[in-house]
Amino acid sequence: MKKIVFALFTIFALAAQAQGNMQWTGTWATAPEFTGKGDMPQTTELTNCSLREIIRVSFGGKQLRMQLSNEFSKEPVEIKSIYIANLAADENGRNDQPGTDYTAIVKKSVRYLTVNGKRQFTIQPGEAIFTDAANYNLKPLQRLSVTICYGKTPVNATSHRGSRTTSYIMKGEAKPGKKFETFEKLDHWYNISALDVCGDDNLCIPAIGNSITDGRGTTTNLQNRWTDIANDYLVAQTTINGMHYGVLNLGIGGNSVVRGGLSEPAVKRFDRDILSQRNYKHIIIYEGINDIGGSKGRSEQVAADLIEAYKGFIKKAHERGVKVFIGTILPFGKCFYDDSFFKEAARQTVNQWIRTSKEVDGVIDFDQLMRNPQIPTQLREEWQEDWLHPNAKGYEVMGRFAGERIQQLIQQ
C-alpha cells in the first residue's frame, strides 16, 4: 500500500513539476484603443446585450486564458458571462461562402470562462484582467467565437477599431443552445485583447504597426492580413529550431511612432502592447509611414525622430534579451501623402538606416519587395489598394515574404 501511495505521489509531483515548466504564450492579440462615439454601436448599446466576436489564433493548445481590457474607459464593465466555442462554419471544413452565418457555433464545444472561479465579474476602469485557465482543444490557425454577455457598460468602451472581422450584437443574454439573433453588426472588437495558450514549445512574435499591419485593404472576415499569411507559413513549418512560432498583430490604423496619428503613438504604447506580451524572443517593428506622411515641412527632423524612437525600442528589447526585426517603409507615391520631395527623402533616410544599422537584428525589406521597379517611389500597381495600402494580393505577397524571412532570421 505504501508503495502505491508513494508511486501516486511521485506521479502527481512530476505532473505538478511539468505544469510548472509550462509557459503562457500569446496565440492571438490586438491593440486596445479608446472608443469614440463613431465606433460605438449605432442602433443599440452593449449594456444588457450579448456580443459575439470572432478571432483567429496562431498555434493551438489544450489550456488557454483570455485577456480582457477596460484600459481606456472611465466606468466599469460588468460581465454577466463569457464563453468560447468553435464556429459551425468550420465544423466540416472552412466555409467562407456568401451568406455564411458566422454567429453559428458548435454547442458541444462551448466553454464558459471565469475570473477567480466566477462567471460574473467586473473590470474596473483603467484595468486589464486575465480569465482563469480553462481546458480547451484549440487547434492551430482555427477561428474561435467569443461571446460576452454584458451588464452595465461604459459610454466609451475599450475596443480595437480595425478588426477586419465582423462582431454581432444581440439584445439580452445569448444562450449557447439558442440561435443568436443579431440586432446590429460592427467591424470592431470590444474588450478582448489577447488569448494565451499554455505550453513549453511555443514562442510568439509581437508586431507593432499602423494600418498596413492592421490590415486596411484586406477582405473583411477572411483573415488575410500579412501577419495572417505569415502565420500560415510559420505554422506550416511545424517547428523552427524545435519551437512553434506565431505573429501577434498589434497594428492600429492611422497610428504614428512619435506623435500625431490615431490612438496612442507607438512610443507610448510599446511597453503595453509589445513588451507585456508573454513568451517571445523576437519582435517586429513596422511603422513610420504616418509620421513621414504628416511631417508638414519637418521631414528631416521626423526622420531623425523616427530613428531615435527605433533605437529606444531596440534598447528596451535588447535589455530583455529580445531580438528586433524592422520592416522598411513602403513607397507612397500617388497617394495623398505624396506632396513633397522631402517626404520621400525622409523615407529613404529611414530605410537606409534600417538596412545598414548594426543595432537592428534583422531587416524585413518590404520596400524592396513591393515597390515598382520602374518607379521605385510607388507601389506595384497590381499590389496596391490606394497607393498607400496594399490590396489583398499585395498582403498575400507580403505575408509569404515575411514568413520566409522570419524563419531565415530565427535560424541564423
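Residues numbered from 1 in each chain as written. Predicted model: local features only at pLDDT ≥ 70, side-chain atom pairs only at ≥ 80, totals over all residues. Heavy atoms only, no water.

Summary statistics for the protein give a mean pLDDT of 94 and a share of 95% for residues scoring 70 or more. Long-range and interchain partners of residues 1–20, a stretch whose pLDDT sits below 50, account for two contacts in this model, where long-range means more than four residues apart. (pLDDT = per-residue confidence, 0-100. Contact = heavy atoms within 4.5 Å.)

Bringing the sheet that holds strand E18 (residues 282–286) into the picture now. Across the sheet, five strands lie side by side as E17-E16-E18-E19-E20; this open sheet has parallel pairing. Each end of this open sheet is capped by a strand with a single partner; those strands are strand E17 (244–251) and strand E20 (362–364). On average, adjacent strands in this sheet sit at an angle of 25° to one another, irrespective of strand direction. Where strand E19 (residues 323–327) and E20 come together, three bridges link them in parallel fashion. Paired with glycine 327 across the bridge in E20 is isoleucine 364. Along the sheet face, helix H6 (residues 299–319) touches E18 and E19 and points at about 155° away from the line of E19. Its contacts with the sheet place helix H9 (residues 392–411) against strand E16 (202–209), E17, E18, E19 and E20, and it is angled at close to 170° to E20. (Pairing = 2+ DSSP bridges. Helix = DSSP H or I, 4+ residues; strand = E, 2+ residues; numbered from the N terminus. Axes fitted to C-alpha atoms, helices over the stretch in contact; angles between N-to-C directions.)

The next thing to look at is helix H3 (residues 226–236). Across the 11 residues of H3, eight count as buried, placing the element largely inside the fold. Restricting attention to buried positions, one finds in H3 the residues Trp226, Thr227, Asp228, Ile229, Ala230, Asn231, Tyr233 and Leu234. In this structure, the buried residues of H3 make contact with strand E3 (49–56), helix H2 (211–214), E17, E18, helix H8 (366–370) and H9. At the C-terminal side of H3, threonine 238 shows a positive phi close to 70°. (Buried < 20%, exposed > 50% of the residue type's maximum accessible area, 1.4 Å probe, protein only.)

Regular strands place their side chains on alternate faces of the sheet. Most of E19 is tucked away: four of the five residues are buried. Sheet topology places E18 next to E19; four bridges connect them, and they run parallel. Among the inter-strand pairings, histidine 282 is bridged to a residue of E19, identified as lysine 323. Handedness of the crossover is the feature at issue here: the chain leaves E19, passes through helix H7 (residues 341–356), returns alongside E20, and the resulting connection is right-handed. (Right-handed = clockwise from strand over helix to strand, strands pointing away.)

The next subject is the side chain of serine 163. Residue position: serine 163 is located in the loop between strand E11 (158–160) and strand E12 (167–171). The exposure class assigned to serine 163 is buried, which follows from its relative accessible area of 0%. In this structure the side chain of serine 163 is engaged in a polar contact, spanning 2.7 Å, whose partner is the backbone oxygen of threonine 165. At a separation of 3.2 Å, a polar atom in the side chain of serine 163 contacts the main-chain amide nitrogen of histidine 188. Leaving out residues up to four positions away in the same chain, serine 163 has contacts with Asp187, His188, Trp189 and Arg225. (Polar contact = N/O pair within 3.5 Å; in protein donor to acceptor, adjacent residues only side chain to side chain.)

This part covers unusual backbone geometry. Excluding glycine, most residues fall at negative phi; most peptide bonds, likewise, are trans. Look at asparagine 241: it is not a glycine, yet its phi comes out positive at around 55°. Structurally, asparagine 241 is set in the loop between H3 and E17. Taking the relative accessible area as the measure of exposure, asparagine 241 reaches 54% and is therefore exposed. Positive phi outside glycine occurs at tryptophan 387, with the angle close to 70°. Relative to the elements of secondary structure, tryptophan 387 occurs in the loop between H8 and H9.

This brings us to the packing of aromatic side chains. The tally for this structure, following the rule as stated, stands at 11 aromatic pairs. Taken together, Trp226, Tyr286, Phe366 and Phe401 form an aromatic cluster joined through their ring pairs. Sitting over the face of the ring of tyrosine 112, arginine 119 holds its NZ or CZ atom 3.7 Å from the ring centroid. For lysine 171, the ring lying beneath its charged end belongs to phenylalanine 183, and the centroid distance is 4.1 Å. (Phe/Tyr/Trp six-rings, centres within 6.5 Å; stacked < 30°, edge-to-face > 60°. Lys NZ or Arg CZ within 6 Å of the ring centre and 35° of its normal.)

Our focus in this paragraph is the packing of H6 against H7. Where H6 contacts H7, the two axes come as close as 8 Å, and the packing angle between them is 25°. On the basis of the axis angle, H6 is roughly parallel to H7. Handedness of the H6/H7 crossing: right-handed. For the pair formed by H6 and H7, the contact residues are Ser299, Ala303, Leu306, Ile307, Tyr310, Lys311 and Ile314 on the first element and Phe342, Lys343, Ala346, Thr349, Val350, Trp353 and Ile354 on the second. (Parallel < 35°, antiparallel > 145°, perpendicular 65-115°, else oblique. Left-handed = near helix turned anticlockwise from the far one by under 90°.)

Once that is clear, we can look at H7. Three- or four-residue spacings in an α-helix give side chains the same orientation, since the helix completes a turn every 3.6 residues. The end-to-end C-alpha separation of H7 is 23 Å, in line with the 22 Å expected for 16 residues at 1.5 Å each. Regarding H7, the residues found buried are Lys343, Glu344, Ala346, Arg347, Val350, Asn351, Trp353 and Ile354. Contacts from the buried residues of H7 go to helix H5 (289–293), H6, E19, E20 and H8. Residue serine 340 occupies the N-cap position of H7, its side-chain oxygen lying 3.0 Å from the main-chain nitrogen of phenylalanine 342. (Expected span 1.5 Å × (residues − 1).)

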